[in-house]
Amino acid sequence: MRTKVVAGNWKMNNDINSSVTLINEIKKGLNQKNINVKVIICPPFTSLETAYALIKETPIKLGAQNMYFEKSGAFTGEISPLMLKSVGCEYVILGHSERRTIFMESNQLINKKIKAAISNGLNPIFCIGETLEEREAGKTFNVVETQIREGLANLSEQELSNLIIAYEPVWAIGTGRNATPEQAEEVHKFIRDLIANLYSKEFAEKLIIQYGGSVKPENSKDLMSQPDIDGALVGGACLNAESFIKIIESAQ
Ligand code: PEP
C-alpha cells in the first residue's frame, strides 16, 4: 500500500507575514487529526527558513519549487541544493511546466537538476505532462515517455528510491479544468508500466505518482481514489488553508 502524498506548490505567492499566517492555519487545521497522508508545503525561497521553523516539530515536510544543479559559484540569482538543505528542505519540485515553458527548461537541464538533488540528499518531485495541443494530436504518451526517459537518464533505481513523479497535464494547470479521474488514471497507469519496464515491477509498485492540475476539494477524492493516483500536487487551492486541508483529508 502506498501512502498518499499531498504537496502544496505556493508558486510566487506569499511574503513572510502571509506565509506565517497560512502555515499556522494549516497546522491548526491538521492538529489532532489522525491523518495518514504525507503533507509537503513548497513556499517561495524567501519563506523557506521561516516555514521550517514553524513546521519542524510537526509531520509537515518542506520542499522548494526549483534549484540549480551546481553546488555554488558564479550563477547569479540561482539557489543550490545545499542551500535548500540548510534551510530544512527535504523535497524539491523539478521540471514544473511553468519552468519548462516560461524559463525554457529542457529535459536535459531537468535531468542535471534531478541528479544534483539526489546526490545532495533532496527528494525530487519530478513534474511531467503534455500540452493541450499534444493531447489533441494524440501525443500524450509519447511526450510523457520522452520526459521520463530524458529526465531520468542515467539514474539507477537505487538513486531514484525517493523519487516522486507528478503527472500534471499542462492544460489543467491553473485553468480550473482538471483531467477527469479516468483521463488521469490512464496516464498514471502508463507511467507506472513504463517505470516497470525501465526499472523493475517492484520499484514501479512503490513509486508515488501524484496528479496535479486544478485539484480542489470538489474533485480531489475522485482523482485520488484511482488505483494509480497516489496523491496530489496542488497549486491554487493550497493557498487557502481550508481547501488544502480538505484535499488532504480526501486523500485518506
Ligand atoms: C501546479 O502548479 O503544480 C498546479 C497543479 O497548479 P493548479 O493546482 O493551480 O492547477
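Here the structure is shown first, and the text comes after it.
Residues numbered from 1 in each chain as written. Predicted model: local features only at pLDDT ≥ 70, side-chain atom pairs only at ≥ 80, totals over all residues. Heavy atoms only, no water.

(A) Local environment of the site of the ligand. Neighbouring the ligand are 14 residues, the closest being K11, E168, G174, S214 and G235. Here an oxygen atom of the ligand sits 2.8 Å away from a polar atom, N or O, in the side chain of H96. Backbone polar atom of S214 to an oxygen atom of the ligand: 2.7 Å apart, as the coordinates give it. Isolated, the ligand exposes 290 Å² of accessible area, and the fraction of that covered by the protein chains is 96%. Classifying every residue of the shell around the ligand gives 4 nonpolar, 8 polar and 2 charged. (Near = heavy atom within 4 Å. Polar contact = N/O pair within 3.5 Å; in protein donor to acceptor, adjacent residues only side chain to side chain. Areas by Shrake-Rupley, 256 points an atom, 1.4 Å probe, with all protein chains shown as cover. Nonpolar A, V, L, I, M, F, W, Y, C, P; charged D, E, K, R; others polar.)

(B) Looking closely at helix 5 (residues 107-119). Taking 1.5 Å as the rise per residue, helix 5 with 13 residues should run 18 Å; its terminal C-alpha atoms sit 18 Å apart, in good agreement. Here helix 5 has its buried residues at N107, I110, N111, K113, I114, A116, A117 and I118. Buried residues along helix 5 sit against helix 3 (81-86), strand 4 (91-94), helix 4 (97-102), strand 5 (123-128) and helix 7 (140-151). (Helix = DSSP H or I, 4+ residues; strand = E, 2+ residues; numbered from the N terminus. Expected span 1.5 Å × (residues − 1). Buried < 20%, exposed > 50% of the residue type's maximum accessible area, 1.4 Å probe, protein only. Contact = heavy atoms within 4.5 Å.)

(C) Highlighting helix 7. Taking 1.5 Å per residue, 12 residues should reach 16 Å; helix 7 reaches 16 Å between its end C-alpha atoms and fits that length. T140, V143, V144, Q147, I148 and G151 are the residues of helix 7 that are buried. Buried positions in helix 7, seen along its axis, are confined to an arc of 125° and lie on one side of it. Those residues of helix 7 hidden inside the fold are in contact with helix 4, helix 5, strand 5, helix 6 (132-136), strand 6 (164-167) and helix 8 (181-198). (Arc of directions from axis to C-beta.)

(D) Quick look at the side chain of N111. In this fold, N111 is placed in helix 5. In this structure the side chain of N111 is engaged in a polar contact, spanning 3.0 Å, whose partner is the backbone oxygen of A153.

(E) Summary view of the pattern of salt bridges. Under the defined criterion, the tally for this structure stands at 14 salt bridges. In this structure, R149 engages E145 in a salt bridge whose closest nitrogen and oxygen atoms are separated by 2.8 Å. Here E145 and R149 lie together in helix 7, a separation of 4 residues that amounts to about one turn. Its relative accessible area of 44% is what places R149 among the partly exposed residues. The salt bridge partner of E242 is K246, with a shortest N-O separation of 3.4 Å. Residue E242 and its partner K246 are both found in helix 11 (residues 241-250); the two are separated by 4 residues, about one turn of the helix. Take K246: its relative accessible area is 42%, and that puts it in the partly exposed class. Taken together, the salt bridges that share partners define one network made up of R2, R192, K201, E205, D228 and D230. (Salt bridge = Lys/Arg side-chain N within 4 Å of Asp/Glu carboxyl O.)

(F) Spatial organisation of the sheet that holds strand 8 (residues 231-234). Around the barrel, which closes on itself, the 8 strands sit in the order 1-2-3-4-5-6-7-8 with parallel pairing between neighbours. Adjacent strand axes in the sheet meet at a mean angle of 25° when their direction is disregarded. Note that strand 2 (residues 38-42) and strand 3 (residues 61-64) share 2 bridges and pair parallel. Residue pairing across strands places I40 opposite K61, the latter belonging to strand 3. (Pairing = 2+ DSSP bridges. Axes fitted to C-alpha atoms, helices over the stretch in contact; angles between N-to-C directions.)

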